[in-house]
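What follows is the residue order along each chain.
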Amino acid sequence: RQFHPNVKNLALITELLPLIHSTALETLSICSSGDIRSDQIHPFFAGIASLPAREHLQSLSLSALRGDVVSAAVTSGCTKHPVPLGVDAFKPLLTLPQIRKLVVELQCPYDIDDAFLEKMAMRWPDLHSLNFAGRSQWDPTPMNQCSCTSNDRHQGREEENLAGPG
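Engineer: Would you explain a nonpolar patch on the surface in this entry?
Structural biologist: Together, Leu12, Leu16 and Leu19 make up an exposed nonpolar region whose accessible area comes to about 280 Å². Within the fold, Leu19 resides in the loop between α1 (10-16) and β3 (27-32).

Here it is in structure tokens:
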């Protein structure tokens, strides 16, 4: 029911995703130790959306706090500016009907608008934890984090937590 691989990059785990045949997978937590190319993110999320367990997956976590999200065009050199992670990267995840927890911890800025957050809320009525966080050498604050939780969405009570540096 749980799978927690540690990988060097997303390309490797994306290649392995088709080999996961379990329909009972509920928790998938991926930790990447290296840089992630921006062109690896959409195929990774699309691979998750095509898993046989997509109907049962409740918790998804992607962490890569040691490497940056870099442009596919950056192949060498020491200047690697983080690439914003936008709505298009997350669209494949909207096909996962049972998501209750989504954690994305990447060293990049996020470019997600209110309309897409509303779409996430509509597609995932049982969502109780949504967390986008990351660190970057280009950001002077030690942690950028935006997380929202909802304990009782049906009664309209929502708790929003926007956390920044301590």
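Engineer: Just to check I follow, could you spell out the environment of Leu96 for this structure?
Structural biologist: Note on placement: Leu96 falls in the loop between α3 (87-90) and β7 (101-107). Residue Leu96 is classed as buried on the basis of its relative accessible area of 0%. Among all residues touching Leu96, those that are not within four sequence positions of it are Ile48, Ala49, Arg54, Leu57 and Trp124.

Engineer: Which parts of the structure should I look at to understand the confidence of the model for the chain?
Structural biologist: Low pLDDT means the predicted atomic positions in that stretch should not be read closely. Per-residue confidence for the chain averages 78 on the pLDDT scale, and 69% of its residues sit at or above 70. Ranking the elements of the chain by mean pLDDT puts strand β11 (residues 157-161) last with 34 and helix α4 (residues 114-123) first with 94. Contacts for the low-pLDDT stretch residues 142-149, under 50 throughout, to residues beyond four places or in other chains number 34 contacts. Contacts for the low-pLDDT stretch residues 151-166, under 50 throughout, to residues beyond four places or in other chains number 25 contacts.

Engineer: Just checking my understanding: could you explain a negative patch on the surface for this structure?
Structural biologist: Taken together, the side chains of Asp111, Asp113, Asp114 and Glu118 define an acidic patch exposed on the protein surface. For Glu118, the location among the structural elements is in helix α4. Judged by its relative accessible area of 46%, Glu118 falls in the partly exposed class.

Engineer: Would you take a moment to explain the packing of aromatic side chains for this structure?
Structural biologist: Given two aromatic rings, one states the distance between the centres and the angle between the planes to describe the pair. Tallied over the entire structure, the rule returns four aromatic pairs. Ring geometry for Phe44 versus Phe45: centroids 5.4 Å apart, planes at 45°, classification tilted. In this structure Phe44 comes out as buried when scored by relative accessible area, which is 0%. Overall, the relative accessible area of 0% leaves Phe45 in the buried class. Taking the centre distance of 5.4 Å and the plane angle of 55° together, the rings of Tyr110 and Phe132 count as tilted. Within this pair, whereas Tyr110 is found in strand β8 (residues 110-111), its partner Phe132 is found in strand β9 (residues 129-134), the two being separated by 22 residues in sequence. The exposure class assigned to Phe132 is buried, which follows from its relative accessible area of 7%. Among the aromatic residues, ring-to-ring pairing joins Phe44, Phe45, Phe90, Tyr110 and Phe132 into one connected group.

What counts and how
- Residues numbered from 1 in each chain as written.
- Predicted model: local features only at pLDDT ≥ 70, side-chain atom pairs only at ≥ 80, totals over all residues.
- Heavy atoms only, no water.
- Patch = residues over 30% accessible without salt bridge, like charges linked within 9 Å, V, L, I, M, F, W, Y side chains within 5 Å.
- Areas by Shrake-Rupley, 256 points an atom, 1.4 Å probe, with all protein chains shown as cover.
- Salt bridge = Lys/Arg side-chain N within 4 Å of Asp/Glu carboxyl O.
- Helix = DSSP H or I, 4+ residues; strand = E, 2+ residues; numbered from the N terminus.
- Buried < 20%, exposed > 50% of the residue type's maximum accessible area, 1.4 Å probe, protein only.
- Contact = heavy atoms within 4.5 Å.
- pLDDT = per-residue confidence, 0-100.
- Lys, Arg positive; Asp, Glu negative; His and termini not counted.
- Charge placed at Lys NZ, Arg CZ, Asp CG, Glu CD.
- Phe/Tyr/Trp six-rings, centres within 6.5 Å; stacked < 30°, edge-to-face > 60°.

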